[in-house]
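Chain by chain, the residues run as shown.
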Amino acid sequence: MARLGWNDMVDFAKVICDEYKLFEGIELVPLETYEGMDTKPAWEFKAPMASGFYKPYLIKGSDKIEKITIGELHYMGRAKYCALNMTATDDYDLPIFACEFDETAPRVGVTTDFMPTVDIAVHEDYLKKYYSPIAGLWRKYRTIPGFTKEGRCLVQRRYGPWPWARETLSPFSLDGRVEEKEDRKKVMEAVVAYARVWLDLLEKAEPISDPEYKQEMLKRKKTMQKYYRDLDPGGEVMKKIFGEGKHHLFVSLVF
Amino acid sequence: MGEGIKWSPYLEKMREQMDQLKLSEIKEWSGHDITPAREFKTAQVQGGFKAFHAEKIEKIGVGSFYFNKEIHYGFCTIIPDEDYDLPMFVSQWEEGEKEIRFLVDIMPTVDSLIDEEYRKRYLESVQPLWEKYASLPGICPEESDAIRSLCSIIYTAAKVPIDKEGLRLAALAPHTEYLKSYLNFLQEAYSIKDDTRRKEVKRKRGVIRDVLRKRFSGEIVCDSVSEALEGNLQEQMVAILF
């Protein structure tokens with residue numbers, strides 16, 4: 001098992017934006033207010049035990065984006081809690097792109113997914129439209145050592161202790177614990193591959209025209225957001241470090 | 001091939017659990033006689049399927065067959081009566097000489113992300129089994145995208161490599177244990193009072209059954225097995241199970 005030093009850990013935001021150039025050709029503009037909150041305190045923060053940033057953006061010229069947040073929280077020089085979230089506005093039924101990438105010396109705990117905003121079992125068209133483009137990627141990347149171990153493929157199991165969180169996942173989630181340095185890099189490749197598909201789907205997305213369907217979608221979307229903002233086990237630590245107000249801002253930007 | 005294999009007692013073990021219910025056999029489904037599937041033998045396949053009715057249950061479908069004496073298939077489904085919001089029980093078993101592939105699940109008939117009470121009652125209560133069987137060799141996600149999309153957060157699927165004979169029974173255990181849990185739900189199930197709820201359940205159970213029917217050939221059983229189910233045997237199996 002590899003134990004990586006701080007300097008060998010993944011520079012999450014840098015890898016996504018500079019190495020993979022995920023947003024090349026897209027003009028990101030800072031989102032200064034989100035749900036009535038001034039987001040600037042999240043752009044760069046520092047506390048005695050932690051520092052980092054959660055930078056929320058919109059896409060210039062697009063009315064389809066609620067937020068794109070990229071962030072890293074560095075904890076005591078020992079752990080990095082990183083996130084990439086891309087959420088469409090309430091007029092679109094796109095799944096929520098969510099990536100949680102938590103790295104410590106021995107391993108990365110990661111979940112990357114398109115979280116469905118409707119009950120995927122009921123809406124077969126939704127499955128075809130949003131998940132057939134990542135089905136091949138899911139099959140490819142679920143073999144990364146850690147996601148698959150000793151002949152056992154363990155995706156859809158990282159959130160074992162939190163049934164509410166497993167409910168939010170699609171049947172195409174890539175989640176698990178990855179140890180080796182090269183495998184951690186492979187995980188980043190997977191994250192970017194999923195994110196590229198999501199951005200492509202965003203470009204093609206049409207607003208929802210059926211008001212009943214929209215209501216159904218919003219109910220599920222808001223339930224998911226509430227779950228993560230209220231129940232995420234990392235939230236309690238954040239509250240202790242940053243206080244209630246900043247905690248609410250940070251978790252709202254990340255999910 | 002297949003001659004020396006001590007096949008697992010899938011059907012016997014599942015029927016053993018069912019015997020606690022007062023079952024009455026269903027002989028016709030949607031106007032079609034399904035009794036020819038009770039026992040069948042063709043050049044390539046041999047087995048039998050039956051459907052039953054029980055209190056609070058629209059249909060229990062259970063059966064098994066052997067393909068060329070090389071693959072042992074087993075199925076058990078429980079579709080609750082439409083007056084109840086009970087989940088659906090689905091068990092699929094494909095046993096070969098060197099590997100067993102299976103899926104067992106308790107599929108929710110409502111959106112269990114939104115309905116927390118439902119999730120706690122029918123899914124989280126089975127979570128200890130989900131955790132227990134996570135250690136089975138060959139545990140993996142269900143391969144079919146369409147079927148995996150129907151599955152609950154506590155489904156168990158695997159491709160268990162049979163490198164010692166005890167593994168056949170180990171792979172069977174999730175099926176009997178999930179079934180026991182499901183049967184316990186029946187006692188406390190109450191009929192749906194609310195029309196919106198009734199509509200939601202009706203829609204979801206309809207989609208689940210439809211997907212499983214459509215995916216039987218090609219995904220649940222492979223094409224060559226499907227072709228070997230001569231005449232209308234496959235249609236009868238599908239009618240019995242879903």
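Quantities reported herein were computed from a predicted structural model and do not represent experimental measurements.

Rules and cut-offs
Residues numbered from 1 in each chain as written. Chains lettered and ligands numbered in written order. Predicted model: local features only at pLDDT ≥ 70, side-chain atom pairs only at ≥ 80, totals over all residues. Heavy atoms only, no water. Phe/Tyr/Trp six-rings, centres within 6.5 Å; stacked < 30°, edge-to-face > 60°. Helix = DSSP H or I, 4+ residues; strand = E, 2+ residues; numbered from the N terminus. Buried < 20%, exposed > 50% of the residue type's maximum accessible area, 1.4 Å probe, protein only. Arc of directions from axis to C-beta. Contact = heavy atoms within 4.5 Å. Polar contact = N/O pair within 3.5 Å; in protein donor to acceptor, adjacent residues only side chain to side chain. Buried area = accessible area lost by both parts, 1.4 Å probe. Salt bridge = Lys/Arg side-chain N within 4 Å of Asp/Glu carboxyl O.

Student: Explain the packing of aromatic side chains to me, please; I cannot follow it from the model alone.
Tutor: Each aromatic ring pair is specified by the distance between its two centres and by the angle formed by the two planes. Evaluation of the coordinates by the stated rule reveals 32 aromatic pairs over all chains. Relative to phenylalanine 101 of chain A, the ring of phenylalanine 12 of chain A lies with its centre 5.4 Å away and its plane at 35°, an arrangement referred to as tilted. Of the two residues, phenylalanine 12 of chain A sits in helix 1 (residues 12–19) while phenylalanine 101 of chain A sits in strand 8 (residues 96–103), which places them 89 residues apart along the sequence. For the pair shown, phenylalanine 12 of chain A and phenylalanine 101 of chain A are each scored as buried. For the pair tyrosine 10 of chain B and tryptophan 93 of chain B, a centre-to-centre distance of 5.7 Å together with 25° between the ring planes defines the contact as stacked. You can see tyrosine 10 of chain B sitting in helix 1 (residues 10–18) and its partner tryptophan 93 of chain B sitting in strand 8 (residues 88–95), a full 83 residues away along the chain. Overall, tyrosine 10 of chain B belongs to the buried group, its relative accessible area being 0%. Taken together, the ring pairs in this structure connect Phe97, Phe114, Tyr126, Tyr130, Tyr131, Trp138, Phe172 and Tyr194 of chain A into an aromatic cluster.

Student: Can you help me understand helix 1 of chain B in this one?
Tutor: Helical geometry: 3.6 residues make up each α-helical turn, so side chains three or four residues apart lie on a common side. All names here are of chain B. Taken residue by residue, helix 1 has Tyr10, Met14, Gln17 and Met18 as its buried positions. Summarising the axial view, the buried residues of helix 1 lie within an arc of 105°, below the 170-degree limit, and thus occupy one face. Those residues of helix 1 hidden inside the fold are in contact with strand 6 (57–67), strand 7 (71–80), strand 8 and helix 5 (166–188).

Student: Sorry, what's going on with the side chain of serine 8 of chain B here?
Tutor: Residues and elements named next belong to chain B. Structurally, the position occupied by serine 8 is in the segment before helix 1. The class of serine 8 is buried, set by a relative accessible area of 5%. One polar contact links serine 8 to tryptophan 93, side chain to side chain, over a distance of 3.3 Å. Residue contacts for serine 8: discarding those within four places in its chain leaves His72, Trp93, Glu95, Arg168 and Leu172.

Student: What is the right way to read the interface of chain B and chain A from this model?
Tutor: You'll often see interface size given as the accessible area lost when the parts meet. Taken together, the contacts link 36 residues of chain B with 34 residues of chain A. When the two sides are added together, the surface that chain B and chain A hide from each other amounts to roughly 2,800 Å², 50% of it contributed by carbon and sulfur. At the surface where chain B touches chain A, the tally comes to seven salt bridges. In this structure, lysine 204 of chain B engages aspartate 119 of chain A in a salt bridge whose closest nitrogen and oxygen atoms are separated by 2.8 Å. Sorting the residues of the side of chain B that touches chain A by element identifies helix 2 (116–123), helix 3 (127–132), helix 4 (145–148) and helix 6 (195–216) of chain B as the ones contributing at least two each. Among the elements that make up the side of chain B that touches chain A, the one with the highest residue count is helix 6 of chain B (six residues).

Student: Where do I start with the pattern of salt bridges in this structure?
Tutor: Think of it this way: side chains of opposite charge can pair up when their charged atoms draw near. Enumeration according to the criterion identifies 45 salt bridges over all chains in this entry. With a closest N to O distance of 2.8 Å, glutamate 165 of chain B and arginine 168 of chain B form a salt bridge. In this structure, lysine 180 of chain B and glutamate 177 of chain B form a salt bridge, with 3.1 Å as the shortest nitrogen-oxygen distance. Remark: glutamate 177 of chain B and lysine 180 of chain B occur in helix 5; sequence separation between them is three residues, near one turn of the helix. Classification of lysine 180 of chain B as partly exposed rests on a relative accessible area of 35%. Among the charged side chains, a salt-bridge network with shared partners connects Arg139 and Arg142 of chain A together with Glu143, Asp145, Arg148 and Lys159 of chain B.

Geometry only, nothing functional implied.
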